[in-house]
Amino acid sequence: MSGQGSEPTGGRGNRRLGVLISGRGSNLQAIIDAIAERRLDAEIAVVISNRRDAAGLDRARRAGIGTAVFSHASYESREAFDAAVAVELKRRGVRLVCLAGFMRLLGDSFVAAFPNAILNIHPSLLPAFVGLDAQRQAWEHGVRVTGATVHIVTPELDDGPIVRQAAVPVLPADTPESLAARILVEEHRIYPEAIQAVLDGGWRIDGRRFVEAS
Ligand code: GAR
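What counts as what
Residues numbered from 1 in each chain as written. Predicted model: local features only at pLDDT ≥ 70, side-chain atom pairs only at ≥ 80, totals over all residues. Heavy atoms only, no water. Near = heavy atom within 4 Å. Polar contact = N/O pair within 3.5 Å; in protein donor to acceptor, adjacent residues only side chain to side chain. Areas by Shrake-Rupley, 256 points an atom, 1.4 Å probe, with all protein chains shown as cover. Nonpolar A, V, L, I, M, F, W, Y, C, P; charged D, E, K, R; others polar. Helix = DSSP H or I, 4+ residues; strand = E, 2+ residues; numbered from the N terminus. Buried < 20%, exposed > 50% of the residue type's maximum accessible area, 1.4 Å probe, protein only. Lys, Arg positive; Asp, Glu negative; His and termini not counted. Salt bridge = Lys/Arg side-chain N within 4 Å of Asp/Glu carboxyl O. Contact = heavy atoms within 4.5 Å. Pairing = 2+ DSSP bridges. Axes fitted to C-alpha atoms, helices over the stretch in contact; angles between N-to-C directions.

Student: Explain the site of the ligand to me, please; I cannot follow it from the model alone.
Tutor: Every residue close to the ligand is listed here: Arg24, Gly25, Ser26, Asn27, Gly101, Met103, Ile121, His122, Pro123, Gln135, Asp158 and Glu187. Here an oxygen atom of the ligand sits 2.7 Å away from a polar atom, N or O, in the main chain of Gly25. Measuring from an oxygen atom of the ligand, one finds a backbone N or O atom of Asn27 at 2.9 Å. Against a free-state accessible area of 450 Å², the protein chains account for coverage of 90% of the ligand. Of the residues belonging to the shell around the ligand, the class tally is three nonpolar, six polar and three charged.

Student: Is there a simple way to explain the side chain of Asp82 in this structure?
Tutor: The topology assignment puts Asp82 in helix 3 (residues 78-91). For Asp82, which is buried and forms no salt bridge, the nearest opposite charge comes from Arg78, at a distance of 4.5 Å. Within the local environment of Asp82, its side chain forms a polar contact with the backbone nitrogen of Gly107, the two atoms lying 2.7 Å apart. Sequence-distant contacts of Asp82, that is, excluding residues within four places in its chain, are made with Leu105, Leu106, Gly107 and Phe110.

Student: Would you mind showing me how to read the sheet that holds strand 4 (residues 67-69) here?
Tutor: By way of backbone hydrogen bonds, the strands of a sheet pair with one another, either parallel or antiparallel. Judged by pairing direction, the sheet is mixed, and its seven strands sit side by side in the order 4-3-2-5-6-7-8 without closing on themselves. One side of each edge strand has no neighbouring strand; the edge strands of this open sheet are strand 4 and strand 8 (162-169). The sheet shows a mean angle of 20 degrees between the axes of neighbouring strands, taken without regard to direction. Along the sheet, helix 3 makes contact with strand 2 (16-21), strand 3 (43-49), strand 4 and strand 5 (96-99), crossing strand 3 at roughly 160 degrees.

Student: What's the story with the pattern of salt bridges in this structure? I'm lost.
Tutor: A pair can form between side chains of opposite charge whenever their charged atoms are brought close. For the structure on display, the rule yields 18 salt bridges. Across the pair Arg51 and Asp53 runs a salt bridge, and its minimum N-O distance is 3.2 Å. Given a relative accessible area of 55%, Asp53 falls into the exposed group. A salt bridge links Glu193 to Arg189; its shortest N-O distance comes to 3.6 Å. Pair noted here: Glu193 and Arg189 are both in helix 6 (residues 176-200), with a separation of four residues, about one helical turn.

Below, the structure written as structure tokens:
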């Protein structure tokens with residue numbers, strides 16, 4: 001893979017995010033808070049959930065952010081679901097799509113519709129422990145250090161150039177739950193930082209590497 005941040009709709013001044021969630025939405029909340037506290041220069045154009053009962057939708061409504069629900073069960077195929085979500089994001093003028101606990105795999109055409117403009121947060125130090133329940137996978141494996149990763153989304157699961165990572169030690173008394181709670185604190189710190197870095201531009205993709213101007 002190679003290339004640079006694509007020229008977005010509305011030019012570089014467009015700092016509109018589309019945040020995709022499936023559940024609790026604590027990373028969404030971290031993004032909302034970072035914007036409110038001016039640590040992140042962005043605006044959330046829309047929060048989209050594939051589940052009507054996602055608690056994160058209430059967080060968005062409380063913050064006065066527009067929401068949309070696309071229930072994947074009502075679409076005949078994954079492609080049809082992806083296309084509907086992409087149309088909504090484009091309609092709202094979204095430049096950067098942020099997956100925040102969005103538990104659906106997005107297909108090739110969705111990824112192609114937002115070249116180098118989809119971020120995901122994953123609760124491990126990728127490339128270790130891809131997929132579901134990464135914190136428990138790390139705990140069961142017995143690693144001494146795990147963490148969190150924000151990366152650019154490619155069609156492969158939990159793959160793609162790494163924008164930010166944070167390490168979290170696994171303590172002897174940890175349970176998967178206590179470990180996940182400490183990782184989450186780091187997720188909330190690095191996701192807004194990564195979004196800011198991507199929106200600010202001045203980076204390029206070299207092979208697998210996200211390279212920032214020094
Ligand atoms: C977070 O821990 C996020 O890293 C993880 O889901 C949780 C969502 O929490 N994502 C994945 O595992 C993606 N592979 P949140 O809804 O409170 O942000």
